[in-house]
Amino acid sequence: MKDFPDKMSPEQAKTFCNDVLNIVSQIPRGQVMTYGDIAALAGWPSHSQMVGRTLRYSPDALQLPCHRVVNKAGRTAPGWSRQRPLLEEEGVIFKANGHVDMKRCLWTPITDLL
């Protein structure tokens with residue numbers, strides 16, 4: 001694993017996890033966010049992979065719209081075959097290459113509402 005110069009303390013990791021879950025809970029139907037954008041909003045822009053781990057391993061994430069999180073190119077999570085159908089049911093538009101149309105579906109929240 002990459003050694004980040006800005007490693008988190010256990011308290012910071014817990015806050016990060018809570019922030020990630022809070023941000024994901026607010027993504028509207030029919031829109032997506034990227035792992036990197038969520039990490040940046042949570043105050044740790046170099047920790048996009050940790051966003052994915054948080055969503056995968058946190059029991060609290062089961063109640064959230066985690067399917068609305070994609071990578072920066074609009075690709076869905078590898079190995080999660082239900083993600084695309086869930087997004088399509090909400091009206092998320094996919095391009096011919098199978099990626100989410102980020103120009104049309106990327107959600108950029110107003111940060112003072114988070």
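In this report, we go over the structure that sits alongside the text. Keep in mind that this is a model prediction, so the values were computed, not measured.

## A short note on the packing of helix α1 (residues 10-25) against helix α3 (residues 48-57)
Packed helices, taken two at a time, are described by the angle their axes make and the gap between the axes.
Okay, step 1: Where α1 contacts α3, the two axes come as close as 10 Å, and the packing angle between them is 75 degrees. On the basis of the axis angle, α1 is roughly perpendicular to α3. Packed against α1, whose contacting residues are Ala13, Phe16, Cys17, Val20, Leu21 and Val24, the element α3 presents Met50, Val51, Thr54 and Leu55 at the interface.
Okay, step 2: Looking at the contact of α1 with α3, its residues break down into nine nonpolar, one polar and no charged.

## Describing α1
Okay, step 1: In a regular helix each residue adds 1.5 Å, so 16 residues correspond to 22 Å; α1 covers 23 Å between its end C-alpha atoms and thus fits that length.
Okay, step 2: Against β1 (33-34), α2 (35-41), α3 and β2 (69-70) lie the buried residues of α1.

## Concerning the packing of aromatic side chains
Okay, step 1: By the definition in use, this model includes zero aromatic pairs.
Okay, step 2: It is arginine 84 that lies over the ring of phenylalanine 94; its NZ or CZ is 4.1 Å from the centre.

## Notes on the pattern of salt bridges
Okay, step 1: According to the stated counting rule, one finds four salt bridges in the structure shown.
Okay, step 2: The partner of arginine 68 in a salt bridge is glutamate 90, with the nearest N and O atoms 2.7 Å apart. With a gap of 22 residues between them, arginine 68 in the loop between α3 and β2 and glutamate 90 in the loop between α4 (83-89) and α5 (102-105) connect regions that are remote in the sequence. In this pair, the class of arginine 68 matches that of glutamate 90, namely buried.
Okay, step 3: For arginine 82, the salt bridge goes to glutamate 89, with nearest N and O atoms at 3.9 Å.

## Focus: the nonpolar core
Okay, step 1: Formed by 18 residues in total, the largest nonpolar core has its most connected members in Phe16, Val20, Val24, Ile38, Val51 and Leu55.
Okay, step 2: Mapped by element, the contributors of at least two residues to this core are α1, α2 and α3.
Okay, step 3: Ranked by residue count, the leading element in this core is α1, at five residues.
Okay, step 4: Discounting chain neighbours no more than four positions away, the residues touching valine 20 are Ile38, Ala42, Val51, Thr54 and Leu55.

## With respect to the state of the cysteines
Okay, step 1: Counting across every chain of the model gives zero disulfides.
Okay, step 2: Cysteine 66 takes part in no disulfide bond, and the closest cysteine sulfur, belonging to cysteine 17, lies 11 Å away.
Okay, step 3: Here cysteine 105 stays free of any disulfide, with the sulfur of cysteine 66 as its closest cysteine sulfur at 18 Å.
Okay, step 4: Accessibility expressed as a relative area gives 2% for cysteine 105, which makes it buried.

## Concerning the environment of alanine 13
Okay, step 1: Its location among the elements puts alanine 13 in helix α1.
Okay, step 2: On the basis of relative accessible area, alanine 13 is assigned to the partly exposed category, the value being 23%.
Okay, step 3: C-alpha separation for the pair alanine 13 and glycine 74, spaced 61 residues apart in sequence, amounts to 26 Å.
Okay, step 4: In contact with alanine 13, not counting residues within four places along its chain, are Met8 and Met50.

Calculation rules
- Residues numbered from 1 in each chain as written.
- Predicted model: local features only at pLDDT ≥ 70, side-chain atom pairs only at ≥ 80, totals over all residues.
- Heavy atoms only, no water.
- Axes fitted to C-alpha atoms, helices over the stretch in contact; angles between N-to-C directions.
- Helix = DSSP H or I, 4+ residues; strand = E, 2+ residues; numbered from the N terminus.
- Parallel < 35°, antiparallel > 145°, perpendicular 65-115°, else oblique.
- Contact = heavy atoms within 4.5 Å.
- Nonpolar A, V, L, I, M, F, W, Y, C, P; charged D, E, K, R; others polar.
- Expected span 1.5 Å × (residues − 1).
- Phe/Tyr/Trp six-rings, centres within 6.5 Å; stacked < 30°, edge-to-face > 60°.
- Lys NZ or Arg CZ within 6 Å of the ring centre and 35° of its normal.
- Salt bridge = Lys/Arg side-chain N within 4 Å of Asp/Glu carboxyl O.
- Buried < 20%, exposed > 50% of the residue type's maximum accessible area, 1.4 Å probe, protein only.
- Core = buried A, V, L, I, M, F, W, Y, C linked by side-chain atoms within 4.5 Å.
- Disulfide = S-S within 2.5 Å.

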